[in-house]
Amino acid sequence: LQLAATGKGVIHVVSLSGPNKTVWLQKTQAHDKIISKMHYFESTSPNKNEVSETVKKVVTGSYDGTIKVWDFKEDGTLTLNKTLGQQSGPDVMGFIVLHDKGMILCSHNDGHIRLWRGGKGTEKMYFGKQDESYGQNILYIIGHHGYPQIVTAKKKIVKLWGLNL
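First, a word on what this report is: a plain description of the structure on this page.

Rules used throughout
Residues numbered from 1 in each chain as written. Predicted model: local features only at pLDDT ≥ 70, side-chain atom pairs only at ≥ 80, totals over all residues. Heavy atoms only, no water. Helix = DSSP H or I, 4+ residues; strand = E, 2+ residues; numbered from the N terminus. Buried < 20%, exposed > 50% of the residue type's maximum accessible area, 1.4 Å probe, protein only. Areas by Shrake-Rupley, 256 points an atom, 1.4 Å probe, with all protein chains shown as cover. Pairing = 2+ DSSP bridges. Polar contact = N/O pair within 3.5 Å; in protein donor to acceptor, adjacent residues only side chain to side chain. Contact = heavy atoms within 4.5 Å.

Overview of the overall build of the protein
Line of reasoning, step 1. What the protein contains, in helices and strands, is zero helices and 14 strands.
Line of reasoning, step 2. Each helix and strand of the protein, placed in order from N terminus to C terminus, yields the pattern β-β-β-β-β-β-β-β-β-β-β-β-β-β.
Line of reasoning, step 3. Counting only residues that meet the buried cut, the protein has 41% of its 165 residues in that class.
Line of reasoning, step 4. As displayed, the protein has an accessible area near 9500 Å², and 50% of this comes from carbon and sulfur atoms.

Here it is as structure tokens:
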């Protein structure tokens, strides 16, 4: 299965079943505006019977100001799990999902980077608008001696930030 996003906030789930053969399985109106980033991941955790199961998720960010976390089923169905941010908030330009920490770091066009923690969707303003180098691109790396860092870039300026999680 493949995922594709359109400029109108729609996610398409397609199956590529051979050369030049595409089968459209699902179409979901995910956001009101352009989807700026989409991320797929799988995680394994014990269910209520303490049996390990693999959960598939899709995370989307949009110019409508929200990040949405979706459950992704084998048949291509997307079910909204949670919404982070506020509709008509600052545009989501990019985000990183820190799977091992249960967090999402999100860059916005207002120059802020916001940190979303855990299942409750609590927000923490991680970096304020101190200069104009935030907001376009964001990348998570493990730096010198294993310290987590992020790289931000905008208008030909690249910065490296220490991350104290």
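Having seen the structure, we can now continue with the description.
Topic: the pairing of strand 8 (residues 92-98)
The two faces of a sheet get side chains in turn, since along a regular strand they alternate between them.
Line of reasoning, step 1. The buried count for strand 8 comes to seven of seven residues, which makes it a mostly enclosed element.
Line of reasoning, step 2. When strand 8 meets strand 9 (residues 103-108), the two strands line up antiparallel, connected through six bridges. Considered in strand 9, the bridge of isoleucine 96 is made with leucine 105.
Line of reasoning, step 3. Counting the residues between successive antiparallel strands, the hairpin from strand 8 to strand 9 contains four residues, one of them, glycine 102, with a positive phi of roughly 65°.

Considering the side chain of aspartate 71
Line of reasoning, step 1. Here aspartate 71 is to be found in strand 6 (residues 66-72).
Line of reasoning, step 2. Residue classification places aspartate 71 among the buried positions, given a relative accessible area of 18%.
Line of reasoning, step 3. A distance of 2.4 Å separates the side chain of aspartate 71 from the side chain of lysine 57, its partner in a polar contact.
Line of reasoning, step 4. Here the side chain of aspartate 71 touches asparagine 81 through a polar contact of 3.4 Å, side chain to side chain.
Line of reasoning, step 5. Apart from the residues within four sequence positions on either side, aspartate 71 is in contact with Lys56, Lys57, Thr77, Leu78, Thr79 and Asn81.

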